[in-house]
Amino acid sequence: MAKKELTIREKTIFDGIFTKYFLKFIFTLWFKLAGWKLCKTAPEGAGVAIAAPHTSNWDFVYALGAAILQDVKIYFSVKDSLCRVPVLGTWMMYLGAIPINRSAKGVGQVEQIKQFINSQKLNRVFFLFTPEGTRGPVPKWKSGFYHVAQGCNLPIFLAKVDYLSKEAGVFHTFKLTEDRSSDIKAIQASYESIQGKFPLDQYPAYKGQMPKISEAEAKIIKALYSFKGVATKLEITTKAKLGELSTTMLDYLIDKGLLEKNMDSDKNGEPSYQLTFAGRGCFLHLSPSV
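Residues numbered from 1 in each chain as written. Predicted model: local features only at pLDDT ≥ 70, side-chain atom pairs only at ≥ 80, totals over all residues. Heavy atoms only, no water.

What follows is about the nonpolar core. Judged by nonpolar contacts, the single largest core of 49 residues is most densely connected at Ile-50, Phe-127, Phe-145, Ile-156, Leu-158, Tyr-191 and Ile-220. Non-local contacts of Tyr-191, meaning those with residues more than four positions away in its chain, are made with Ile-50, Ala-52, Pro-53, Trp-141, Leu-158, Ala-159, Phe-171 and Gln-202. In this structure, Leu-64, Leu-95, Leu-128 and Ala-159 belong to the second largest nonpolar core, which totals 32 residues. (Core = buried A, V, L, I, M, F, W, Y, C linked by side-chain atoms within 4.5 Å. Buried < 20%, exposed > 50% of the residue type's maximum accessible area, 1.4 Å probe, protein only. Contact = heavy atoms within 4.5 Å.)

Turning our attention to the sheet that holds strand β8 (residues 231-232). Overall, antiparallel pairing links the three strands, which are arranged β8-β10-β9 in an open sheet. The open sheet terminates on both sides in strands that have one partner only, identified here as β8 and β9 (259-262). Sheet topology note: the β9/strand β10 (residues 272-275) ladder contains four bridges and is antiparallel. Looking at the pairing, Lys-261 lines up with Tyr-273 of β10. (Pairing = 2+ DSSP bridges. Helix = DSSP H or I, 4+ residues; strand = E, 2+ residues; numbered from the N terminus.)

A few words now on the sheet that holds strand β6 (residues 156-162). The mixed open sheet is built from seven strands, whose spatial order is β1-β7-β6-β2-β5-β3-β4. Strands with a single pairing partner mark the edges of an open sheet, and in this sheet they are β1 (37-38) and β4 (97-100). Pairing analysis gives two bridges linking β1 to strand β7 (residues 167-174), with the strands arranged parallel. For Lys-37, the partnering residue across the bridge sits in β7 and is Glu-167. Against the sheet, helix α10 (residues 277-286) engages β6 and β7, with an angle of about 110° to β7. (Axes fitted to C-alpha atoms, helices over the stretch in contact; angles between N-to-C directions.)

With that settled, the discussion passes to the side chain of Asp-80. Mapping Asp-80 onto the fold places it in the loop between β3 (73-79) and α3 (88-95). Looking at Asp-80, the relative accessible area reads 11%, which means it is buried. Engagement of the side chain of Asp-80 in a polar contact is seen with the side chain of Arg-84, the distance being 2.7 Å. Excluding anything up to four places from it in sequence, Asp-80 contacts Leu-6, Pro-99, Ile-100 and Asn-101. (Polar contact = N/O pair within 3.5 Å; in protein donor to acceptor, adjacent residues only side chain to side chain.)

This part takes up the pattern of salt bridges. Summed over all chains, the structure comprises six salt bridges. The salt bridge partner of Lys-160 is Glu-167, with a shortest N-O separation of 3.2 Å. Ionic pairing is found between Glu-192 and Lys-207, a salt bridge with its closest N-O pair at 3.5 Å. Of this pair, Glu-192 sits in the loop between α6 (180-190) and α7 (215-227) while Lys-207 sits in the loop between α6 and α7, placing them 15 residues apart in sequence. (Salt bridge = Lys/Arg side-chain N within 4 Å of Asp/Glu carboxyl O.)

To continue, consider α6. Of all eleven residues in α6, eight are buried, a share of seventy percent or more. Listed as buried for α6 are Ser-182, Asp-183, Ile-184, Ala-186, Ile-187, Gln-188, Ala-189 and Ser-190. Summarising the contacts, the buried residues of α6 are in contact with β2 (47-52), α5 (144-152), β6, β7 and α10.

Further remarks concern the packing of α6 against α10. Taken N-terminus to C-terminus, the directions of α6 and α10 make an angle of 65°; their axes are 7 Å apart at the nearest point. On the basis of the axis angle, α6 is roughly perpendicular to α10. When the axes of α6 and α10 are compared, the crossing they make is right-handed. For the pair α6 and α10, the contacting residues are Ser-182, Lys-185, Ala-186, Ile-187, Ala-189 and Ser-190 in the first and Phe-277, Ala-278, Arg-280, Gly-281, Leu-284 and His-285 in the second. Of the residues assigned to the contact of α6 with α10, the class counts are six nonpolar, four polar and two charged. (Parallel < 35°, antiparallel > 145°, perpendicular 65-115°, else oblique. Left-handed = near helix turned anticlockwise from the far one by under 90°. Nonpolar A, V, L, I, M, F, W, Y, C, P; charged D, E, K, R; others polar.)

Let us now look at a positive patch on the surface. On the surface, a cluster of positive charge is contributed by Lys-219, Lys-222, Lys-239 and Lys-241. Turning to its location among the elements, Lys-222 is positioned in helix α7. (Patch = residues over 30% accessible without salt bridge, like charges linked within 9 Å, V, L, I, M, F, W, Y side chains within 5 Å. Areas by Shrake-Rupley, 256 points an atom, 1.4 Å probe, with all protein chains shown as cover. Lys, Arg positive; Asp, Glu negative; His and termini not counted. Charge placed at Lys NZ, Arg CZ, Asp CG, Glu CD.)

Relative to β4, β3 runs parallel, the two sharing four bridges. In the sheet register, Val-78 faces β4, and the bridge partner there is Pro-99. For the crossover from β3 across α3 to β4, the handedness is right-handed. (Right-handed = clockwise from strand over helix to strand, strands pointing away.)

Glancing now at the environment of Val-48. Relative to the helices and strands, Val-48 resides in strand β2. Take Val-48: its relative accessible area is 0%, and that puts it in the buried class. Val-48 sits 204 residues away from Tyr-252 along the chain, and the two C-alpha atoms are 35 Å apart. When sequence neighbours within four positions are dropped, the list of residues in contact with Val-48 reads Phe-127, Phe-129, Phe-145, Val-148, Ala-149, Leu-154, Pro-155, Ile-156 and Phe-157.

Don't take any of this as a statement about function, it's just geometry.
Okay, here's the thing in structure tokens:
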């Protein structure tokens, strides 16, 4: 006898009075006592949210708390078989689980999921993905989150649960370009400065906190990101609206691995500069969106 196909619930725990009042009170109290804080703002509308690094089951609890406190509805993908476990499966579906059937019989499910996501585009809904795919060490990310965002024409919300700074929530709204590989490398670079509960298990590898930079140096990084390529010192100065741009600031950013100097000069004999992937990752933390 064929198993009945599971359908995604439109009404979940996030739609009830219980969530809006009781759970919000519980998480407000918990975050305050534990010293956790939320990222400044939660994006409006729907998007595909990356939850990384993922090294512990506690990650989901903090992500759930951040969503409830910011009035955001979340959905997350899990194995179809898990959603069929009595009691547990019902509870997971009520939390917002999207059952994924990885067998050959589930080939039409991708389109069904896309249709559901499209139906929620005007709502404040985050479709949560863990690109590492597991809590243990992995050699690479699964790119399903990118394909879903691309197929549904949605932005990617970069979410974090940082156990060092004790901060949870979305820190950047990433709009896809036509360069998938470059997009994913830049996104991964932004997660190298976020510490998971078990940093030795996270991918990409944790490289420590971002270097401390001044307001002027932050303007340089933002200006270079807007060029989407290389720029001269004069172009950077004009774009960043700096009265004067010292070579010392550029050298500092180069030394920290955020910037690189192009040895080929332009027609006026001026060297040019561009962001490294680490620099692009840094930008994603400096700006909530592009």
